[in-house]
Structures are given as C-alpha cells and as structure tokens.
Amino acid sequence: MSNLSATSLRYDVDGLSILDQRLLPSELVWHRCTTANQLIGHIHSLAVRGAPLIGLAAALMVAWRARQGIQGAALLAELEALRASRPTAVNLMNYLDRLSASIHSGASAEQIEQLAVQLFEEDRDLCQRMADHAQTLIPSGARILTHCNTGSLATAGIGTALGAITEAHRRGKGISVWVDETRPLLQGGRLTTWELAQAEVPYRLICDNMAASLMAKGEVDLIMVGADRIARNGDFANKVGTYSLAVLARAHDIPFYVVAPVTTVDLNCPSGDTIPIEQRAAEEVRGVSLPERSLIWSPEQAEVYNPAFDVTPARLISGWVLDTGVMLERFIPSQAGAE
Ligand code: MRU
C-alpha cells in the first residue's frame, strides 16, 4: 500500500487524515477519518475543502472502507453519501464515478485503492501542468489578484490558480499578489495568505469590496481564479465573489483567467445556468462562523442569502488554463480533455 502526503491530506496504513482548514492559520490540527460519515461531516463544515481535494478525500475514503472489508452494495451506499456531501464542485462526482465503475466491475479492495492512489497522483501532475501552461499569461512583475484559496491546501499538488502564481514566483518573475479575503468564510484571508507567506511570495490582503478601486487605480495587471465546475460552453462556477471580479475586470480592461484541471470540466452541463449552487447556513453571513471564533453581529434572526458559489459567463473570460493547455477567448470542449 502507498503512503500519500499532501499539504492537507495524508493516507497510510492507518487510513485517511485531514488537516482541519477551519483552524488555519492559527492551529495545525489533523483529524484521522475512519468512516464515510466522519469525512462527510468534515466536508460539510469545510474542514476539508477545495474542489479537487474534496474529491480526492472522498475517493481515498472509499478505498479505505474497501480495505476495511466493506464491499458491494454497502460500499456503493457510502460512496453515494459522499457524492451528496457538496453539490457544486464536480471533481467529487468525477472521481466517485470512476470508483463506482470499478466497484461495479468487481474490483478487489487493492484495485480500488490503487485507483484512488492513481487519482491522487494524477491530480498532482495536473497541477504542475496547469502551472506550466499559465506562465505564458503571467508577465514579469505582474500584480495578480486572486480569490478564495486554490493552492496546495485545495489539491494534491501545488494548486490551480495559486499554483500558477507560486510557480511564477519560483521562476523569479518578481510578481506580487492581491488576496481577496473572500467573505463569508475567509479562505483568502486565512488560507491563501498562509500559503503565500510560506512560499515567500509578496502579497497584500484586501477586503473583497476593495478590488474595484484597486483596478481603477491601475494596480491590478491580471486576475487568476480557480473553478468548481466548468460547463460545456465555458461558463464556470467558483467561490461567490468571482463573478463580480469578472465584471470589474471587463470594465477596467484587465485579463481575467480561470485555471482548472480536466476533472473540473463537466461536459454534461450545457451552461452555467444548470450548475447546482450550494446554499449554506445563515450564521456564516450573520457574522463570522469559525470554530472558537464565532461572532454574530446582525440581529440573531436576520434573513440571509448565502450561496457558496456564483457563475461567471464565458463572455467575461479572457482565457481558460487547463492541464491540456490555454484556450484564449473561446472555450473548446474537445480540447478540454474531458471527452
Ligand atoms: O467552498 P470552498 O472553499 O471549497 O471553495 C473553493 C473554491 O471556490 C475554489 O476556487 C475551487 O474549489 C478551486 S480549488 C483548486
């Protein structure tokens, strides 16, 4: 059996462990997950988050359960429960489809585990390929704005958009980063800042509503974000607040790029209108809702609208960076590698 290790996930002879991303950057706490229900709880609470990582954690949980002797219909029932744990990021469904096919074809526990390990290793390679392709879009000295967290915490490798950005830094391009804090759960403020500090990439943290005036002042050269699902026509869903950045980018004539692997492409989704958008708990917007740091500032019963993601239409996107290459202006499904 292989030992796997990424920034926020480990898999070994004792099973799956996840780094609790809700507690970062102040605490590094790992949880051992031995049941599908435990992992589902961690996915709901966003202890485990980021489109590729959610899918990989679920795939490794299925592998672990198979090794524990869970088989056939019982294993498939756990797989389906994991599939329902978050609705928007399609990587979860893509990975579990592949495992489900192998279970249906009578694969042994070892074969199921081998497949999950292969998915993990593939994701690491996809990250590096995206980062390599993205370099043609990042000029020296670029001031790059990004949203949410799309780095090594969210994948098995260096990340998607943030992986491309840290790669540009590693190549000595002298870039700097504007980090959107990403209300309501502050993935930018807590996680992206943490990753950039570790990689020694110069950055400045901003509140989401500061991006417009920065662009107006000419302080942003390009925007790079990740995706939770890319539809057949190139529309994509990502963390709420991404669409406003795309509108602002168009108004200020700034290139707006999305970086995602083939596992994020959903050719069965004709357009962004059909991407399911997760609605989350009201407490997240009534204040700050993180373990041991919760604070409500609105009236306790304030009515809330809290979609976790929004959809950016293809017409606002300057380019799609996939592991297969860069597509400028137009999304070409056959080149996305998902068919
Ligand atoms: O709710 P989250 O934190 O899982 O949302 C994450 C994002 O929106 C990311 O941009 C996306 O999953 C890509 S991560 C490589």
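Going by the structure above, here's the rest.
Residues numbered from 1 in each chain as written. Predicted model: local features only at pLDDT ≥ 70, side-chain atom pairs only at ≥ 80, totals over all residues. Heavy atoms only, no water.

### Regarding the sheet that holds strand E5 (residues 143-146)
In space, the 7 strands of this open sheet follow the order E7-E6-E5-E8-E11-E16-E17, with mixed pairing throughout. In this open sheet, the two strands that pair with only one neighbour each are strand E7 (203-206) and strand E17 (325-328). Between one strand axis and the next, the sheet turns by 25° as a mean value, whatever way the strands run. Here strand E6 (residues 176-180) runs beside E7; their pairing, made up of 4 bridges, is parallel. Bridging across to E7, Val 179 finds its partner in Leu 205. Most of the contacts of helix H9 (residues 242-251) go to strand E11 (residues 256-259), to which it runs at about 145°, and overall it touches E5, E6, strand E8 (222-225) and E11. (Pairing = 2+ DSSP bridges. Helix = DSSP H or I, 4+ residues; strand = E, 2+ residues; numbered from the N terminus. Axes fitted to C-alpha atoms, helices over the stretch in contact; angles between N-to-C directions. Contact = heavy atoms within 4.5 Å.)

### Structural notes on unusual backbone geometry
For residues besides glycine, phi is generally negative; the peptide bonds are generally trans as well. Following Leu 24, the chain continues into Pro 25 via a peptide bond in cis, with omega recorded as 0°. Locating Pro 25 in the fold gives a position in the loop between strand E3 (15-19) and strand E4 (30-33). In this chain, Arg 183 is followed by Pro 184 through a cis amide linkage whose omega measures 5°. Here Pro 184 is to be found in the loop between E6 and helix H7 (187-198). Although it is not a glycine, Thr 182 adopts a positive phi angle of roughly 75°. With respect to the helices, strands and loops of the structure, Thr 182 is situated in the loop between E6 and H7. Given the relative accessible area of 0%, Thr 182 is considered buried. You will see that Asp 253, though not glycine, has its phi angle at about 60°, which is positive. (Buried < 20%, exposed > 50% of the residue type's maximum accessible area, 1.4 Å probe, protein only.)

### Looking at the site of the ligand
Lining the immediate environment of the ligand, one finds 18 residues, of which Arg 49, Arg 86, Asp 228, Asn 238 and Lys 239 sit closest. Contacts to the ligand include Gly 50, whose backbone N or O atom sits 3.0 Å from an oxygen atom. A distance of 2.8 Å separates an oxygen atom of the ligand from a polar side-chain atom of Lys 239. Placement of the ligand is best described as lying within the largest cavity. Of all the elements in the fold, those that place two or more residues in the shell around the ligand are helix H2 (51-67) and strand E10 (236-239). Its residues assigned to classes, the shell around the ligand comprises 7 nonpolar, 7 polar and 4 charged. Looking at which domains feed residues into the shell around the ligand, each of domain 1 (4-127) and domain 2 (133-336) gives three or more. (Near = heavy atom within 4 Å. Polar contact = N/O pair within 3.5 Å; in protein donor to acceptor, adjacent residues only side chain to side chain. 1 Å grid on protein atoms, 1.4 Å probe; cavity = no way out; pocket = protein on both sides within 12 Å on 5 of 7 lines; lining within 4 Å. Sits in = over half its atoms within 2 Å of the grid points. Nonpolar A, V, L, I, M, F, W, Y, C, P; charged D, E, K, R; others polar. Domains from an automatic or database assignment.)

Distances and angles like these do not, on their own, reveal function.
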